[in-house]
Amino acid sequence: MTADRLKTASSIFLPMALLAGASFWLIQSLTTPQQSTLPHPTIATDTTIDTPALVTIPPRNFEYRDPTRYIENELPQISPLVHAKVQTQLEVTQDLVTNKQYRACVVEGYCAPAITVKTPIDDHPVVGINYEMAAKYAEWLSIKTGDNWRLPTALEWAQFAAEKYDDPEKDIQSDPNNPAVAWLSDYRAKSKSKGEAPRQSLRPVGLFGANSLGVNDVAENVWVWTSTCYERINVDAGGTKSSATSCGARVVEGAHRTYLSVFISNPQGGGCTVGDPPSHLGIRLVKGAEQPSFWSLLRNLSPFG
Amino acid sequence: MVTRRQTIFGALGTAAALTAVANLTPQAMAADNVDEMPRKKVKLVPPPFVHEHEQVASGPPQVVEFEMTIQEKVWEVDDEGTTTHAMTYDGSVPGPMMVVHEGDYVELTLINPESNELLHNIDFHASTGALGGGALTEVAPGEQCVLRFKATRPGTFVYHCAPGGSMIPWHVVSGMSGTIMVLPREGLKDDKGNPLRYDRVYNIGENDFYIPRDENGEYKTYETVSESFSDQIETMRGLIPTHVVFNGKKGALTGENALTAKVGEKVLFVHSQANRDTRPHLIGGHGDYVWETGKFNNAPEKDLETWLIRGGSAGAAFYEFLQPGVYAYVNHNLIEAVELGATAHVLVEGDWDDDLMKQVKAPGPISK
């Protein structure tokens, strides 16, 4: 069984690693870059606004699971694991965006109120946030401060999450003759992480503590939106690639990776009533343009293994 | 910012993730000799009608090919112009009925055109495995897929969209459900094993809609389907539908669209409700033979006045019309029938039978 599995894994993995390398140009040509901040006529720069505390993440090398989904010859594949060599530093907020911070945007009529049933407590992270709200808040903060605030990419999330980044597919088994093996192992992997997960109730930001790079509350009970769009790449028997990209669904990162429609603020469950949904959806921002661009970073990735 | 016309997926939850890691092979998916079996392409027809089919299978099992295109569209649910963004299989609410025989293979091509906003899939209650096929059929706008399953259990079964999390009830109460009827190869039988043959079959899908209202009590409208999501979930959580209708709209099966039959005709009413219990009743008639749970390996109940269709199932009622007239086929929660819309009419032509009923004396002044 183990030997079979290893064989299966390598037979999938090697072609996929090659495929991944070959398809980076494809990803680049298919994905619409994030729109830049647009000026808003009624919101003015405000130098008195609190600028969130930042943590500077140094250039890092780390293993990273490509969030793109791959189907080869009608057979879904495990996405390739790549070795990311990120050569630039990254500025990320030390804490999640709080209710108090978010409310300032709502009061100005720029942001929609978060969708929650409980009364928000000032120093708790804002939750009940869909992608559009998160992106809007980044836009607002950029206008207020004159700096470029934005949502992290999935890769950047992994960069600052450090040891809190858990390969979303590391425990996934597969059997070429039985799709249920993958479904069951995925379910068990996520149930396990749920058992170890912190309680659902929210706490003041920072209380879960910092990761090894000094970033607070990473992968605890608040998941955060990334700017990375959903993509699926199909390769047919003849090697011809086609793909679907949808920025209507984005990668959400936390104790495990998931994909959600941009309009969801309170996920109620995984696919088809099974699975482990994010506990809460919130916001963490990074500062500065994607420098160098996300795509040149990707070019620094090389197939791992 | 996300533009309005931007493609928006449904919840890409665990099922999709699971699909992505499955390493399937064609051998794993295929059963014995399916490739050599005879194939038949069936063109689906919108409800309340059902595509032509044999009641008794004349040949060996075959692969029956269907194709459905998912259409998201603005949909009127009543006669007052109230609209919602319906999600439909092939453009109708409910989706078209598929009819096959036990032992046949259903092969569905499911198309999600680029013009749609959401990700969809299909969960066949008649199928076995992969969350009813849901885990293998998630199609983004601009994609299509083909699912094959073996129809192993005879009966009427619901199919519906189930793309994960809150998307599941939202898609279902937006119209994304329908029925597949798997007939026994030798056709339907009564409780004693005698053949039952229908002259007509009607596909009745009952839907509960939850349309949000504004502060003045007016039904709200939304420019896009995704914009309606938050409000609609809120309304759905109240569990009180604003509309309970047959075939997608109050009045869809009344007036010019009323069902028709003749005295002496045997009609099979197939009634599905993918979300909520209902209790069909034919006012002035009966259910001669009723498979309340819809599963033909069980003997039908006889002479029913009202039957229960459990939410998430489809049942079948066989009735021979014995009198002409206008019949009302209702959900016998009469508030839902009359106030919320769950009424159909059946116009039956033929000769009156005085033996069954006669007006002995017409209403007039009290004489004693």
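Residues numbered from 1 in each chain as written. Chains lettered and ligands numbered in written order. Predicted model: local features only at pLDDT ≥ 70, side-chain atom pairs only at ≥ 80, totals over all residues. Heavy atoms only, no water.

All names here are of chain B. Across the sheet, 6 strands lie side by side as β13-β12-β15-β19-β17-β18; this open sheet has mixed pairing. Since the sheet does not close on itself, it has two edges, and those belong to β13 (243–246) and β18 (301–304), each with one partner. Averaged over all pairs of adjacent strands, the angle between strand axes in this sheet comes to 25 degrees, irrespective of strand direction. As paired strands, strand β15 (residues 266–273) and strand β19 (residues 313–320) are joined by 8 bridges and run antiparallel to one another. Bridge pairing in β19 places Phe-269 opposite Ala-317. (Pairing = 2+ DSSP bridges. Helix = DSSP H or I, 4+ residues; strand = E, 2+ residues; numbered from the N terminus. Axes fitted to C-alpha atoms, helices over the stretch in contact; angles between N-to-C directions.)

Turning our eyes to something else, we now look at the confidence of the model for chain A. Residue and element names in this part refer to chain A. Predicted confidence across chain A gives a mean pLDDT of 78, with 75% of residues reaching 70 or more. At the level of individual helices and strands, chain A shows its lowest average pLDDT in helix α1 (residues 2–30), which scores 31, and its highest in strand β7 (residues 149–150), which scores 98. Confidence drops under a pLDDT of 50 for residues 1–39, and excluding neighbours within four residues, the segment shows 60 contacts in the predicted structure. Counting contacts from residues 293–305, a segment whose pLDDT is below 50, to residues more than four positions away or on other chains yields 30 contacts. (pLDDT = per-residue confidence, 0-100. Contact = heavy atoms within 4.5 Å.)

Right, let's talk about the pairing of strand β17 (residues 287–291) of chain B for a bit. Residue and element names in this part refer to chain B. Among the 5 residues of β17, 5 are classified as buried, and the element is accordingly described as predominantly covered. When β17 meets β19, the two strands line up antiparallel, connected through 3 bridges. Across the sheet, Trp-291 pairs through a bridge with Ala-316, a residue of β19. (Buried < 20%, exposed > 50% of the residue type's maximum accessible area, 1.4 Å probe, protein only.)

The next subject is the pattern of salt bridges. This model, assessed by the stated rule, comprises 22 salt bridges over all chains. Among the salt bridges present, the one from Arg-150 of chain A reaches Glu-156 of chain A, with a minimum N-O distance of 2.9 Å. Like Arg-150 of chain A, the residue Glu-156 of chain A is buried in the burial classification. With a closest N to O distance of 3.1 Å, Arg-185 of chain B and Asp-104 of chain B form a salt bridge. A residue pair is termed long-range when its members are at least 10 positions apart, and Arg-185 of chain B in the loop between β9 (177–183) and β10 (188–189) and Asp-104 of chain B in the loop between β4 (98–101) and β5 (105–112) qualify at 81 residues. (Salt bridge = Lys/Arg side-chain N within 4 Å of Asp/Glu carboxyl O.)

All names here are of chain A. Helix length check: helix α3 (residues 131–145), at 15 residues, gives a terminal C-alpha distance of 21 Å against a target of 21 Å (1.5 Å per residue), a fit within 8%. With respect to burial, α3 is a largely interior element, 13 of its 15 residues being buried. The residue sitting at the N-terminus of α3 and contributing the capping side-chain oxygen is Asn-130; that oxygen lies 3.1 Å from the backbone nitrogen of Glu-132. After α3 finishes, the residue Gly-146 shows a positive phi value of roughly 80 degrees. (Expected span 1.5 Å × (residues − 1). Polar contact = N/O pair within 3.5 Å; in protein donor to acceptor, adjacent residues only side chain to side chain.)

Residue and element names in this part refer to chain B. What the rule picks out here adds up to 23 aromatic pairs over all chains. Geometrically, the ring pair formed by Tyr-89 and Tyr-159 is edge-to-face, given 5.3 Å between the ring centres and 75 degrees between the ring planes. Of this pair, Tyr-89 sits in strand β3 (residues 83–89) while Tyr-159 sits in strand β8 (residues 155–160); the two residues are 70 residues apart in sequence, bridging distant segments of the chain. Assigned by exposure class, Tyr-89 and Tyr-159 land together as buried. On the numbers, 4.9 Å between centres and 80 degrees between planes, the contact of Phe-321 with Tyr-327 is edge-to-face. When sorted by exposure, Phe-321 lands in the same class as Tyr-327, which is buried. (Phe/Tyr/Trp six-rings, centres within 6.5 Å; stacked < 30°, edge-to-face > 60°.)

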